[in-house]
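Letter by letter, the chains look like this.
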Amino acid sequence: MEYRNGNLLIKSDYEIKPFMEEEADIDLFIPLGNRTLNLYLEGMPQYMDNRIQLLDIRSVLIRFTTEENNNLCTIHFLRNIDLRSTVMNLVFNYENHYINIKEEDYGVQFSIGKKS
């Protein structure tokens, strides 16, 4: 599945559900089914492995805006269905990058790639 809105691009093996749309703000809900999530980030320091692992992630919530010249989104990794269950979150500039969510045998690969 592919989701595009403005500069935001998400490629996902999982369903992407628009959850809330309020004026220019949009929340996207991506259910993962309580899986281990392997988060791969480009440019990690040499002293760290190439991934951060999060256990029992039920879903991902991506909050972004359609306001012009705003390419920031917040990504929440949820253990339950509400924001209070956030295990970790991060702010991401998606102007030149995209989100890739792939199903693996024993988990989910969540990575950020450079747009070509």
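Bear in mind the structure is a predicted one, so any value in this text is a computation, not a measurement.

So, on to the pairing of strand β6 (residues 72–78). Most of β6 sits inside the fold, with 5 of its 7 residues counted as buried. Where strand β5 (residues 51–65) hands over to β6, the hairpin turn is made up of 6 residues, of which N69 adopts a positive phi near 65 degrees. Of the pairings in the sheet, the one linking β6 to strand β7 (residues 86–93) comprises 7 bridges and is antiparallel in character. By the bridge assignment, I75 is partnered in β7 with L90.

Its place among the elements puts S59 in strand β5. Dropping the residues within four chain positions of it, S59 is found in contact with F29, I30, P31, L32, H76, F77, L78 and N80.

In this section: the pattern of salt bridges. Per the counting criterion, the structure on display carries 3 salt bridges. Here R4 ties to E2 by a salt bridge, and the two come within 3.0 Å at their closest N and O atoms. On the accessibility criterion, R4 (58% relative accessible area) is exposed. What makes E2 partly exposed here is its relative accessible area of 48%. Close ionic contact of R63 with D27 constitutes a salt bridge, the shortest N to O distance being 2.7 Å. Residue R63 is located in strand β5, and its partner D27 is located in strand β4 (residues 25–40); the two are separated by 36 residues in the primary sequence.

Here is what the cut-offs are and how they apply
- Think of each chain on its own: its residues are numbered from 1, step by step along the sequence as written.
- Owing to the predicted nature of the model, reporting of local features is limited to residues with pLDDT of at least 70; listing and counting of side-chain atom pairs is limited to 80 or more, with chain, interface and lining totals taken over all residues.
- Based on all heavy atoms of the structure, the side-chain values leave hydrogens and waters out of the count.
- Partly exposed describes any residue whose relative accessible area lies between the buried limit of under 20% and the exposed limit of over 50%, with all areas from a 1.4 Å probe on protein chains only and scaled to the type maximum.
- Helix and strand assignments follow DSSP, with helices taken as H or I runs no shorter than four residues and strands as E runs no shorter than two, numbered in order from the N terminus.
- The criterion for strand pairing is that DSSP finds at least two bridges linking the strands in question.
- It only takes one pair of heavy atoms within 4.5 Å for two residues to be counted as in contact.
- Think of a salt bridge as a Lys or Arg side-chain nitrogen and an Asp or Glu carboxyl oxygen that are within 4 Å of each other.

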